[in-house]
Amino acid sequence: MRAFIAISEDNGVESKIDSRFGRGSYFMVYDMENEKIINVEANKFRDEGHGVGIKTAGIAVEKGCTLVIGAQPGPKAEQVFNEGNVEIFVMTEGTVSDAVRKYKEK
Amino acid sequence: MLLGSTKKNRQGTKTMKIAVISGKGGTGKTYFSTSLAMSLEDVDFFDLDVEEPNGYIFIKPVISDEIQYNLLVPEIDEDRCTFCKKCADACAYNALSILPQLKKALFFPELCHSCGVCSFVCPVDKALIEVEKGIGIIRKGKFSKGNFIEGKLNIGEPSGVPLISGIMKDHLDPERTAIIDSPPGTSCPVVESIKKADYVIIVTEPTPFGLSDMKLVVEIVKDLGKKTGVVINKDRGDSKITEEFLRKSEIPIIFRIPYSLEIQRSYSKGIPLISTVPGIEQKLKRLYEDISNG
Ligand code: SF4
Ligand code: SF4
């Protein structure tokens with residue numbers, strides 16, 4: 001399973017999760033089974049006005065992610081995730097490795 | 001020189017566009033704006049409090065037209081669409097989300113500004129068409145002194161801005177005086193409703209709450225560079241803090257509606273201010289003259 005995680009810095013698995021979905025500085029795609037980072041890219045939409053969450057959600061779906069970890073997405077982004085059958089795991093603080101652990105413990 | 005301030009109407013007085021606003025609902029904004037309109041000659045009254053237009057209660061117009069107000073929004077045919085994402089990439093408001101893997105096109109009407117760019121960029125014939133979507137109703141009619149125009153937003157519509165700007169564009173006559181009853185508060189629809197005004201009247205109640213709401217609208221009016229004056233409603237002669245603030249901000253108090261049980265009673269029955277307080281019609285006329293003479 002691929003997870004999509006919005007992070008506020010690019011620091012591998014120690015990267016901090018961004019507290020606002022869609023406005024994180026980077027997006028990380030993470031392989032949950034093999035516990036491996038697939039890729040990290042800068043969020044070029046973060047300074048846009050309304051609807052960044054929709055764009056971000058679209059990217060997650062496009063990258064084949066079926067799980068998103070991070071702050072609660074807005075209602076419209078959530079709609080995109082629902083369409084794409086993407087599971088939402090809400091977590092607003094901690095690092096990527098904390099999040100992966102928490103998700104697996106759940 | 002202000003827009004429209006040199007035009008004259010039949011009586012030889014200048015025609016002006018005056019918007020009446022308030023920091024929040026229930027300050028007597030509509031009560032005042034309707035009587036101001038009814039005290040003048042040759043005037044159009046615009047009720048742009050589109051979520052809850054209630055000027056008609058006092059104005060008692062005869063309605064002759066009801067027009068549905070439409071916006072053009074995209075509709076995507078998922079059978080024709082190739083999910084190339086050109087439309088979503090071109091949309092400056094992120095109102096479209098194209099999910100190629102899922103062969104899905106999502107549209108978020110609340111974000112759409114009806115700009116038409118998506119239909120312009122779509123390379124596939126009939127994949128994305130523009131359809132009309134009703135967002136509200138415009139009611140037009142007459143009252144004793146002129147035309148009555150009211151906008152009413154459909155329930156659930158996210159913003160009054162397109163309806164307000166549509167009414168201003170299609171129905172505001174540059175040659176005529178207009179009294180515009182704006183939405184309450186400080187949001188975008190308020191700004192839209194006062195854009196074309198030559199003068200903005202702020203109606204407030206002299207309470208601490210009234211003051212803090214008024215401070216916010218004063219900011220907006222100042223940002224827009226509009227001339228403004230304040231009407232104090234329910235004035236009991238103890239409006240010190242409000243007066244103090246206005247003096248410091250160099251905003252004149254242009255009118256006072258006294259606090260009286262009789263006024264409260266007739267207000268609740270839908271009887272206009274000018275029919276309640278003797279002599280107030282003359283005062284309102286004079287107020288208009290003063291405003292139009294700058
Ligand atoms: S009409 Fe404009 S705002 Fe609306 S979806 Fe199309 S491009 Fe976006
Ligand atoms: S531009 Fe046209 S074909 Fe391409 S995704 Fe949008 S609607 Fe579909």
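Below is a summary of the structure that appears in this document.

Rules used throughout
Residues numbered from 1 in each chain as written. Chains lettered and ligands numbered in written order. Predicted model: local features only at pLDDT ≥ 70, side-chain atom pairs only at ≥ 80, totals over all residues. Heavy atoms only, no water. Helix = DSSP H or I, 4+ residues; strand = E, 2+ residues; numbered from the N terminus. Rg over C-alpha atoms; globule rule 2.2 N^0.38 Å. Buried < 20%, exposed > 50% of the residue type's maximum accessible area, 1.4 Å probe, protein only. Contact = heavy atoms within 4.5 Å. Areas by Shrake-Rupley, 256 points an atom, 1.4 Å probe, with all protein chains shown as cover. Lys, Arg positive; Asp, Glu negative; His and termini not counted. Charge placed at Lys NZ, Arg CZ, Asp CG, Glu CD. Salt bridge = Lys/Arg side-chain N within 4 Å of Asp/Glu carboxyl O. Core = buried A, V, L, I, M, F, W, Y, C linked by side-chain atoms within 4.5 Å. Pairing = 2+ DSSP bridges. Axes fitted to C-alpha atoms, helices over the stretch in contact; angles between N-to-C directions. Near = heavy atom within 4 Å. 1 Å grid on protein atoms, 1.4 Å probe; cavity = no way out; pocket = protein on both sides within 12 Å on 5 of 7 lines; lining within 4 Å. Sits in = over half its atoms within 2 Å of the grid points. Nonpolar A, V, L, I, M, F, W, Y, C, P; charged D, E, K, R; others polar. Phe/Tyr/Trp six-rings, centres within 6.5 Å; stacked < 30°, edge-to-face > 60°.

## What to know about the overall build of chain A
- Helix and strand counts for chain A come out as three helices and five strands.
- Starting at the N terminus and walking to the C terminus, you meet the elements of chain A as β-β-β-α-β-α-β-α.
- For 106 residues, the compact-globule formula gives about 13 Å, and the C-alpha radius of gyration of chain A, at 12 Å, lands near that figure.
- Within the span of chain A, comprising 106 residues, buried residues form 47% of the whole.
- Excluding contacts between residues fewer than 6 apart, the proportion of contacts in chain A whose partners are at least 24 apart in sequence is 48%.
- A total accessible area of about 5100 Å² is found for chain A, and carbon and sulfur atoms account for 44% of it.
- Taking the average location of the 14 positive side-chain charges in chain A and that of its 17 negative ones, the two points are 3 Å from each other.

## Some remarks on the pattern of salt bridges
All names here are of chain B.
- On inspection of all chains with the given rule, the structure shows 23 salt bridges over all chains.
- In this structure, Glu-41 engages Lys-145 in a salt bridge whose closest nitrogen and oxygen atoms are separated by 3.6 Å. Linking Glu-41 in the loop between α1 (29-39) and β2 (43-47) with Lys-145 in the loop between β6 (128-143) and β7 (146-153), this pair joins segments that are 104 residues apart in sequence.
- Of the residues examined, Glu-41 reaches a relative accessible area of 34% and is grouped as partly exposed.
- Put simply, Asp-125 and Lys-126 hold a salt bridge, and the shortest N to O gap is 3.5 Å.
- Counted as one network, the salt bridges with shared partners bring together Glu-41, Lys-145, Glu-281 and Lys-285.

## Description of the nonpolar core
Residue and element names in this part refer to chain B.
- In this structure, Ile-21, Phe-46, Leu-163, Ile-202 and Met-214 are the most contacted members of the largest nonpolar core, which totals 34 residues.
- With six residues, the single largest contributor to this core is helix α7 (residues 208-223).
- Excluding anything up to four places from it in sequence, Leu-163 contacts Val-50, Tyr-69, Ile-135, Gly-136, Ile-138, Gly-151, Lys-152 and Leu-153.
- Counting residues in hydrophobic clusters, the runner-up holds 30 residues, among them Tyr-31, Val-231, Phe-255 and Ile-291.

## Looking at the sheet that holds β2(B)
Residues and elements named next belong to chain B.
- The sheet built from nine strands is open, its strands ordered β3-β6-β7-β2-β8-β1-β9-β10-β11 with mixed pairing. Sheet topology places β3 (62-76) and β11 (253-258) at the edges, where each strand pairs with a single neighbour. Taking each pair of neighbouring strands and ignoring which way they run, the sheet shows an average axis angle of 20 degrees.
- Sheet analysis places strand β1 (residues 17-21) next to strand β9 (residues 199-204), joined by four bridges and oriented parallel. From the neighbouring strand, Ala-19 faces β9, where its bridge partner is Val-200.
- Running over the sheet, α1 touches β1, β2, β6, β8 (177-181), β9, β10 (227-235) and β11 and is turned about 165 degrees from β8.
- Against the sheet, helix α8 (residues 240-249) makes contact with β9, β10 and β11, and its axis sits at roughly 170 degrees relative to β11, the strand it touches most.

## Notes on the site of ligand 2
Residue and element names in this part refer to chain B.
- Taken together, 13 residues lie around ligand 2, and Cys-81, Cys-84, Lys-85, Cys-87 and Cys-122 are the ones closest in.
- At a threshold of 2 Å from the grid points, most atoms of ligand 2 map onto the second largest cavity.
- Its residues assigned to classes, the shell around ligand 2 comprises ten nonpolar, one polar and two charged.

## Some thoughts on the sheet that holds strand β2 (residues 26-31) of chain A
All names here are of chain A.
- The sheet built from five strands is open, its strands ordered β3-β2-β1-β4-β5 with mixed pairing. Looking at which strands have only one partner, the edges of the open sheet turn out to be β3 (36-42) and β5 (87-90). Here the strands of the sheet are splayed against their neighbours by 20 degrees on average, with no regard to which way each runs.
- Note: strand β4 (residues 67-70) against β5, four bridges, orientation parallel.

## Comments concerning unusual backbone geometry
Residue and element names in this part refer to chain B.
- The phi torsion at Lys-103 lies on the positive side, around 50 degrees, for a residue other than glycine.
- Mapped onto the secondary structure, Lys-103 falls in the loop between β4 (96-99) and β5 (104-107).
- Backbone geometry places Ser-114, a non-glycine residue, at a positive phi of 55 degrees.
- Mapped onto the secondary structure, Ser-114 falls in the loop between β5 and α4 (117-121).

## Description of the packing of aromatic side chains
All names here are of chain B.
- Enumeration over the complete set of coordinates arrives at eight aromatic pairs over all chains.
- Note on Tyr-31 and Tyr-267: the rings are 4.9 Å apart at their centroids and 80 degrees apart in plane angle, and the pair reads as edge-to-face. Taken together, the positions of Tyr-31 in helix α1 and Tyr-267 in helix α9 (residues 261-268) put the pair 236 residues apart, joining distant regions of the chain.
- The class of Tyr-31 is buried, set by a relative accessible area of 3%.
- A ring pair is formed by Phe-58 and Tyr-267, whose centres lie 5.7 Å apart and whose planes are at 25 degrees; its orientation type is stacked.

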